[in-house]
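Coordinate analysis (summary)
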Amino acid sequence: MARAFPQDYINHIFQGDCLNLMKEIPDEAVSLILTDPPYGIRYQNQFSVSPHPILEGDAGIDYKQFAKESYRILAMHSHAYFFTRFDCYPYHFECLKAAGFSIKNCLVIEKGNLGGIGDLKGSFSNNAEWIIFCQKGRRPFNATTLLENRKKEGTLFQKERIPSKKYKTRFPACWFGPEYPKSTYNATWQRKHQIYHPTIKNVDCLSWLIQISSNPGDVVFDGFSGTASTAVAALTTGRRFLGAEISLDYWQIGQKRLNQYKEDE
Ligand SMILES: C[S@@+](CC[C@H](N)C(=O)[O-])C[C@H]1O[C@@H](n2cnc3c(N)ncnc32)[C@H](O)[C@@H]1O
């Protein structure tokens, strides 16, 4: 059970450094961490007419401290998801483990766009996002209606086994194909919605993770909010949010997006 929270922290994205905000958050105050930290790679897309600016803070954060603070602010028996990349994975894994998390899986979720940086002619293009899935204590997954079983409800696979349910109760760690939401939006989506960010995540994908791992009314924390995708996903699923974003420009895009969401409600 999460600890009481000052009301002015609820449904708020602070413009500033995530680690400064985290220092002010009481122990065990948030029910889910779903976050997409900078990887320290100074990524800048080259595919569009006007390349995105290099992300502020993308030279890296103090990940060890971030992992420690994440463990401290998360309620016992709760889940945490940290986006990562194949080359940062070993370090992120070690930091999260040292902080006390039990690391359960690495989710691999198909991107909505083909990623490519560095040696475009001599390396495979990244078509998936990696997410480190952690638990503090142990929390079973929620029963959801996100994925229907292929077999008809009530099918008995073997004698004396429970008949199959309408919806899947177990999810695979790889989300590929039409049944699953993509992890990112592509350039066409960004142009259509006029929301630009080099590493924007897909709200449907975030909302699936939120539904699997938290309850309505819970507080979802994203310390690297970017364009507020996690906050929008939290609201669409009846949760609350708290976050930080260091870049004034992206913070403003996030505020505009949240205001638009409230107007459309
Ligand atoms: C990988 S992006 C997140 C994108 C986001 N998931 C979205 O859908 O828009 C990481 C974000 O963290 C921000 N950032 C970098 N260092 C930060 C820090 N120390 N505190 C807060 N935000 C930071 C960057 O400006 C960037 O927008």
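Everything discussed here concerns the structure shown above.
These remarks concern the structure in this document. Keep in mind the model is a prediction, meaning the values are calculated, not measured.

Considering the packing of helix α6 (residues 229-236) against helix α7 (residues 248-264)
Two numbers describe how α6 lies on α7: the axes approach to 9 Å, and their chain directions differ by 15 degrees. Relative to α7, the element α6 is oriented roughly parallel. For the pair α6 and α7, the crossing hand works out as right-handed. Across the interface between the two elements, A231, V232 and L235 from α6 touch G254, R257, L258 and Y261 from α7.

A closer look at the environment of C134
Residue position: C134 is located in strand β5 (residues 126-136). Spatially, the C-alpha atoms of C134 and I103 are 4.4 Å apart, while their sequence positions differ by 31 residues. Residues within four places of C134 in sequence aside, it is in contact with A80, L96, F101, S102, I103 and K104.

Details of the packing of helix α2 (residues 63-73) against helix α3 (residues 89-99)
Packing of α2 against α3 leaves a shortest axis separation of 8 Å and a crossing angle of 40 degrees. One element, α2, and the other, α3, form an angle in the oblique class. Between α2 and α3 lies a crossing whose hand is right-handed. Where α2 abuts α3, its residues Y63, K64, A67, K68, S70 and Y71 lie against Y91, H92, C95, L96 and A99.

Reading the values: rules and limits
- Residues numbered from 1 in each chain as written.
- Predicted model: local features only at pLDDT ≥ 70, side-chain atom pairs only at ≥ 80, totals over all residues.
- Axes fitted to C-alpha atoms, helices over the stretch in contact; angles between N-to-C directions.
- Helix = DSSP H or I, 4+ residues; strand = E, 2+ residues; numbered from the N terminus.
- Parallel < 35°, antiparallel > 145°, perpendicular 65-115°, else oblique.
- Left-handed = near helix turned anticlockwise from the far one by under 90°.
- Contact = placed C-beta atoms within 7 Å.

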